[in-house]
Amino acid sequence: MITVEFKGKGQALRLTVQQALGGGPLSIFGAAAKQHDLTIREVSAGVLAKLADDFPHLEFELLTSLGKKEINDKLKSFDPRLGQVLFVKSASVRPDGGILRVLDRHGKWRVILVSESKHQGNDVEMILAGKLQGKNKDQDFMVAGNAIERVHKNIIELKNFMLDERHFPYVVFLQGSNFATESIELTRPDGRVVLLRHDAGSLNRIDRVTASSYAREINRNYCENIFVRAGGHTHMLQTASIYCQCSPWKAEDMAAIMLDIAKTSLRIIADDLEGM
């Protein structure tokens, strides 16, 4: 089952988004974005509205979910040996930023952006507040968990669904002390300085997610698939774009990255789109 949140083109689509979300997401590319704590779903809606303005001749839709049945049907269209197992008919993929698609000249909906935002690790906030952590409340840091690894499931499902495409527009924004990219010194209210090390095995979880990006550099747009030679064969690699930082992502920064990835998708499939 596919669940559509917004659908349309041009000004009509932009006004629909504006009416549904109160106009806030439409300011994500301006100074107002720095003052609003927008969810990634709202940022996605703002990106959708911007695309509707920039490409008024194209029809877009934003999905909240994509059914496992639709993914399996797509796999079976590639090879009848694929897409055979489905125990729960209502199973679906629900990335928290949604799935943005465009209608091509052949009447086929094409995925141009999939986004997620995850937070893990509150060590910075706890240290600055002077609060100790752990079972006995006697340590500065909480050992990182593995919850973030769940993001791999959605990425793999979309890789399956987009196996016939030359692009893979999946972006994940990771924030929190478990995704620090550099060490930082933090001062507690009592004056004691605590060093948060970005390479501490008990804290950093970036290495747990880079399996989805073939351990390529983080914080880069990898929407366009690459081809590599291995074992005498050529393989197409679909690379998730993983963006990490310790501090919270600003809506305006996420929006700029998401818009860039969506426009990269449109460029790659331009021959199949009207007026491109």
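Provided above is the structure to which this section pertains.
Calculation criteria
- Residues numbered from 1 in each chain as written.
- Predicted model: local features only at pLDDT ≥ 70, side-chain atom pairs only at ≥ 80, totals over all residues.
- Heavy atoms only, no water.
- Helix = DSSP H or I, 4+ residues; strand = E, 2+ residues; numbered from the N terminus.
- Buried < 20%, exposed > 50% of the residue type's maximum accessible area, 1.4 Å probe, protein only.
- Contact = heavy atoms within 4.5 Å.
- Patch = residues over 30% accessible without salt bridge, like charges linked within 9 Å, V, L, I, M, F, W, Y side chains within 5 Å.
- Areas by Shrake-Rupley, 256 points an atom, 1.4 Å probe, with all protein chains shown as cover.
- Salt bridge = Lys/Arg side-chain N within 4 Å of Asp/Glu carboxyl O.
- Core = buried A, V, L, I, M, F, W, Y, C linked by side-chain atoms within 4.5 Å.
- Axes fitted to C-alpha atoms, helices over the stretch in contact; angles between N-to-C directions.
- Parallel < 35°, antiparallel > 145°, perpendicular 65-115°, else oblique.
- Nonpolar A, V, L, I, M, F, W, Y, C, P; charged D, E, K, R; others polar.

1. Here we look at the overall build of the protein chain
Stage number 1. When helices and strands are counted, the protein chain shows six helices and eleven strands.
Stage number 2. For the C-alpha atoms alone, the extent of the protein chain along its principal axes is close to 65 × 50 × 35 Å.
Stage number 3. Expressed as a percentage of its 276 residues, the buried residues of the protein chain come to 47%.
Stage number 4. Across the protein chain, the fraction of contacts at a sequence separation of at least 24, relative to all contacts at a separation of at least 6, is 71%.

2. Let's talk about a nonpolar patch on the surface
Stage number 1. Side chains of Val 85, Phe 87 and Val 88 sit close together on the surface and give an oily, nonpolar patch of about 370 Å² of accessible area.
Stage number 2. Take Phe 87: it is sitting in the loop between helix H3 (68-78) and strand S3 (92-93).

3. Remarks on the nonpolar core
Stage number 1. Ranked by internal contacts, the top residues of the largest apolar core, which has 37 residues, are Leu 51 and Phe 60.
Stage number 2. Every element with two or more residues in this core is listed here: helix H1 (10-21), helix H2 (40-54), strand S2 (59-67), strand S4 (99-103), strand S5 (109-119), strand S6 (170-175) and helix H6 (251-268).
Stage number 3. For this core, the element with the most residues is H6, which contributes ten residues.
Stage number 4. Apart from the residues within four sequence positions on either side, Leu 51 is in contact with Phe 60, Leu 100, Ile 112, Leu 259, Ala 262, Lys 263 and Leu 266.

4. A few points about unusual backbone geometry
Stage number 1. Backbone geometry at Lys 137 places phi at a positive 50°, although glycine is not the residue there.
Stage number 2. As for its placement among the helices and strands, Lys 137 is situated in the loop between helix H4 (123-128) and helix H5 (151-161).
Stage number 3. For Lys 137, a relative accessible area of 56% corresponds to the exposed category.
Stage number 4. Despite not being glycine, Ala 215 has its phi angle at roughly 60°, a positive value.
Stage number 5. Within the secondary structure, Ala 215 is located in the loop between strand S8 (193-196) and strand S9 (226-230).
Stage number 6. Since its relative accessible area comes to 61%, Ala 215 is described here as exposed.

5. Re the packing of H3 against H5
Stage number 1. Relative orientation of the contacting elements H3 and H5 amounts to 40°, with a least axis distance of 8 Å. By the angle between their axes, H3 is oblique relative to H5. Contact with H3, carried on its side by Lys 68, Glu 70, Ile 71, Lys 74, Leu 75 and Phe 78, involves Glu 157, Asn 160 and Phe 161 of H5 and no other residues of that element.
Stage number 2. Considered class by class, the residues forming the contact of H3 with H5 number four nonpolar, one polar and four charged.

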